[in-house]
Amino acid sequence: MTKMICKRILLKLSGEALMSEEGGSIDSSIVKRLAHEIKDLCDASVEVGLVIGGGNILRGAEKASEGMERVTSDQMGMLATVINALAMQDSLEKIGQQVRVMTALKINQVCEDYIRRKAVRHLEKGRVVIFAAGTGNPFFTTDSAASLRAVEINAELMIKATKVKGVYSADPEKDKNAQFYSRLTYDEALDQRLNVMDTTALVLCRDNDLPMRVMNIFEPGAIMRLMQGEEIGSLIEKN
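Residues numbered from 1 in each chain as written. Predicted model: local features only at pLDDT ≥ 70, side-chain atom pairs only at ≥ 80, totals over all residues. Heavy atoms only, no water.

**Q** How should empty space enclosed by the protein be read in this particular structure?
**A** Empty pockets left among the atoms are what a rolling probe the size of a water molecule brings to light. Within this structure, the stated rule accounts for one cavity of 30 Å³ or more. Roughly 30 Å³ of internal volume is contained in the largest cavity. Along the walls of the largest cavity sit Val51, Ile52, Thr81, Phe131, Ala132, Ala133, Gly134, Thr142 and Ala145, which together make up its complete lining. Elements that contribute at least two residues to the lining of the largest cavity include exactly strand E2 (47-52), strand E5 (128-132) and helix H5 (142-152). Looking at the lining of the largest cavity, its residues break down into six nonpolar, three polar and no charged. (1 Å grid on protein atoms, 1.4 Å probe; cavity = no way out; pocket = protein on both sides within 12 Å on 5 of 7 lines; lining within 4 Å. Points joined across faces, edges and corners; volume = space filled by probe spheres on them. Helix = DSSP H or I, 4+ residues; strand = E, 2+ residues; numbered from the N terminus. Nonpolar A, V, L, I, M, F, W, Y, C, P; charged D, E, K, R; others polar.)

Below, the structure written as structure tokens:
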């Protein structure tokens, strides 16, 4: 078996990654494909933590801009991430992969409370751990939650899954002259405002020396090839 480049990762998926082309909030075929790719990693002895955004269902910031009270809208967004987490849990369990959903909000009838030591133990036992409901606090994005959980579980790498190849100087779908960065530092990403993640998430990764790989989640098999050592997407490091 090909040796994996690291033992434990945190995979951050946007909620939009689960959407169908027709605009449906959750495309079962996409969830199933991602579940198979995650299980392949687990079968290769990679410990996988997962954070999924809720933007396919509801974005708290957008509702706030429409006049809704910000704390309420962010709480609604947190609940949207729980829905996505349960959908992914169902797909993983149907293909024989053990999984636990742990949430920063107390919803004991559908998932476990997030307790760091229990999460690490689940990972050590080969279970996928899906961290839902963000940090449990308003005004924080799921990017920040992903960075926080990655640091807490001592992940060796955080993977930010997107719909483009990696990090660019501008939106490559709007600017054909956008420059692709195969490697850069966190300070460069912050100074150039490259919109990789929000500032809080980037600073947390930088200050804890956690490398991040930004890559296209829609390329089948890319995550496994990355874990096998292939240079895919953009690598962001402290120095």
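**Q** Is there a simple way to explain the side chain of arginine 8 in this structure?
**A** Considering the arrangement of structural elements, one finds arginine 8 in strand E1 (residues 8-13). A polar contact is formed between the side chain of arginine 8 and the backbone oxygen of isoleucine 153, at a distance of 2.7 Å. Those residues in contact with arginine 8 that lie beyond four places of it in its chain are Glu47, Val120, Leu123, Glu124, Ile153, Asn154, Ala155, Glu156 and Leu157. (Polar contact = N/O pair within 3.5 Å; in protein donor to acceptor, adjacent residues only side chain to side chain. Contact = heavy atoms within 4.5 Å.)

**Q** Which parts of the structure should I look at to understand the side chain of threonine 185?
**A** If you trace the backbone, threonine 185 turns up in strand E9 (residues 183-185). Setting aside anything within four residues of it in sequence, one finds threonine 185 in contact with Ile236, Glu237, Lys238 and Asn239.

**Q** What's the story with H5 in this structure? I'm lost.
**A** Owing to its 3.6 residues per turn, the α-helix brings residues three or four apart onto one side. Counting buried positions along H5 yields eight of eleven residues, so the element is predominantly enclosed. When H5 is considered as a whole, its buried residues turn out to be Thr142, Asp143, Ser144, Ala145, Ala146, Ser147, Arg149 and Ala150. Capping the start of H5, threonine 141 holds a side-chain oxygen 3.2 Å from the backbone nitrogen of aspartate 143, two or three residues further along. Note on H5: the residue one or two positions beyond its end, asparagine 154, has a positive phi of about 60°. (Buried < 20%, exposed > 50% of the residue type's maximum accessible area, 1.4 Å probe, protein only.)

**Q** Please explain the sheet that holds strand E6 (residues 157-162) as it appears in this structure.
**A** The strands making up a sheet associate through backbone hydrogen bonding, with each pair oriented either parallel or antiparallel. Taken in spatial order, the nine strands of this open sheet run E4-E3-E5-E2-E1-E6-E10-E11-E9, and their pairing is mixed. Looking at the sheet topology across the chains shown, the edges are occupied by strand E4 (112-113) and E9. The pairing of E1 with E2 spans six bridges and is classified as parallel. Paired with leucine 13 across the strands is isoleucine 52, a residue of E2. (Pairing = 2+ DSSP bridges.)

Coordinates in, geometry out; function isn't part of it.
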